[in-house]
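Coordinate analysis (summary)
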Amino acid sequence: MTDKFDKEPAGANPSAVLSKEGGALPPEAIKAIPVRHYGRWVSAVIVLALVALLVNAFATAEKIQWNAVGEYVFDDTVLAGAGRTLLISVLAMVMGVVLGVILAVMRLSKNPVTSWVAWVYIWFFRGTPVYVQLLLWFNLALIFPMLNLGPIYKDEMVDVMTPFMAALLGLGLNEAAYMAEICRAGLMAVDEGQTEAAHALGMSHGKTLRRIVIPQAMRVIVPPTGNEFINMLKTSSLVYAVTYNELLRATSTIGSTSYAVMEMLFVACIWYLVMTSVFSVFQYYLERRYARGSTRNLPPTPWQKIKVNMMAFSRERGTSV
């Protein structure tokens, strides 16, 4: 005796509805109702209102002469100050990167003397304000009136420690302490197996660093280095204290003689924003270049996004016509 079971044919959809002819009807499409985020709209309106009030307050301020901002933004003195700011920032950053790599290698060295000296250097320059370090270099002639290097060089310290030299040493040596920690983190991020494999092939320690470790560590080192350079552009305004005629000092001098103090500060802000924005773009493409070894599909660049949006817009117009 066999039991009779009602079995559905293979591949049948139990949720399908049978039509009058006996065929299966497809399920109804789900109507997705988007969630309304009223809080986002309210917060956006509040933020835009506050920004509009702030812009209106500065735009309608009677004591701000906005025509003076446009008049002095391309002044020769301001442009020369911006050029000196860029020059001292680049030179100090180069000094900081070179010394930072050396200090990072010293920190990772098995020699306790070099490791300890690097640690003390980083401890001192990271633990004291850069403004104080600039003043120390600028007033070094109070302690050492003469710079005597024996038969190599001898001169008065006042002539040696010019405002440019004091600014370069103050910014560059301070930046080296931060770059040392950044480079050390990048070097430690490389797997030790890479070093062991290089040594197994007969490479020396120095060649392993140059050919194997440092190129792989650049992916970790480059992003914070770009941030440090942008920060250097802004920190260079502190060399005002050592009478180096950079952007802030140039604009302040014009402001004190023309009685347009706030206007010239706005001019300085404009040029700082321009320089940091330009180097932010360079930083983006530099990070993108060094990310090729770790990321299979790189994110599209801003120009590529614009091209895609333009092509999509042109296709939509073509189909609508």
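One numbering rule holds for all chains: residues counted from 1, following each sequence as written. Reporting of local features is limited, given that this is a predicted model, to residues whose pLDDT is at least 70; pairs of side-chain atoms are given and counted only at 80 or more, and all residues count toward the totals for whole chains, interfaces and linings. Just so you know, side-chain values use all the structure's heavy atoms and leave hydrogens and water out.

As named in an unreviewed UniProt entry, the chain is Histidine/lysine/arginine/ornithine transport system permease protein HisM, taken from Streptomyces viridochromogenes Tue57. UniProt positions are given in the numbering used here, feature names are shortened, and annotations may be inferred rather than shown by experiment. The Sequence similarities (unreviewed entry) comment attached to the chain in UniProt states, word for word, "Belongs to the binding-protein-dependent transport system permease family." Checking UniProt for the chain, the heading Subcellular location (unreviewed entry) contains the comment "Cell membrane".

Quick notes on the UniProt feature "transmembrane region" (unreviewed entry) in the chain
As recorded in UniProt, the feature "transmembrane region" (unreviewed entry) lies at residues 41–61, 81–106, 118–144 and 265–286. With 90% helix and 0% strand, residues 41–61 has its two end C-alpha atoms placed 30 Å apart. End C-alpha atoms of residues 81–106 are separated by 37 Å, and the span's content is 100% helix alongside 0% strand. Only runs of H or I of at least four residues qualify as helices and only runs of E of at least two qualify as strands under DSSP, and these elements are numbered from the N terminus.

Some thoughts on the confidence of the model for the chain
Averaged over every residue, the pLDDT of the chain is 83; residues scoring 70 or more account for 83%. Of all helices and strands in the chain, the one with the weakest mean pLDDT is strand β1 (residues 17–18) (52), whereas helix α4 (residues 112–127) scores best (94). Confidence scores labelled pLDDT are given residue by residue by the predictor and lie between 0 and 100.

Let's talk about the nonpolar core
Among the buried residues, those of types Ala, Val, Leu, Ile, Met, Phe, Trp, Tyr and Cys that are joined through side-chain atoms within 4.5 Å form a nonpolar core. Each residue's exposure class comes from its accessible area (1.4 Å probe, protein chains only) as a fraction of the maximum for that residue type: buried when under 20%, exposed when over 50%, partly exposed otherwise. Membership of the largest hydrophobic core comes to 29 residues, with the highest contact counts inside it found for V78, L247, M264, V267 and W271. Secondary-structure elements contributing two or more residues to this core are α2 (66–72), α3 (76–107), α7 (163–189), α9 (205–235), α10 (247–258) and α11 (261–290). With seven residues, α11 is the single largest residue contributor to this core. When sequence neighbours within four positions are dropped, the list of residues in contact with V267 reads V69, Y72, V73, V78 and T251. In terms of nonpolar packing, the next biggest core, distinct from the first, is built from 26 residues, L140, A167, L169 and L171 among them. For this analysis, residues touch if any pair of their heavy atoms sits within 4.5 Å.

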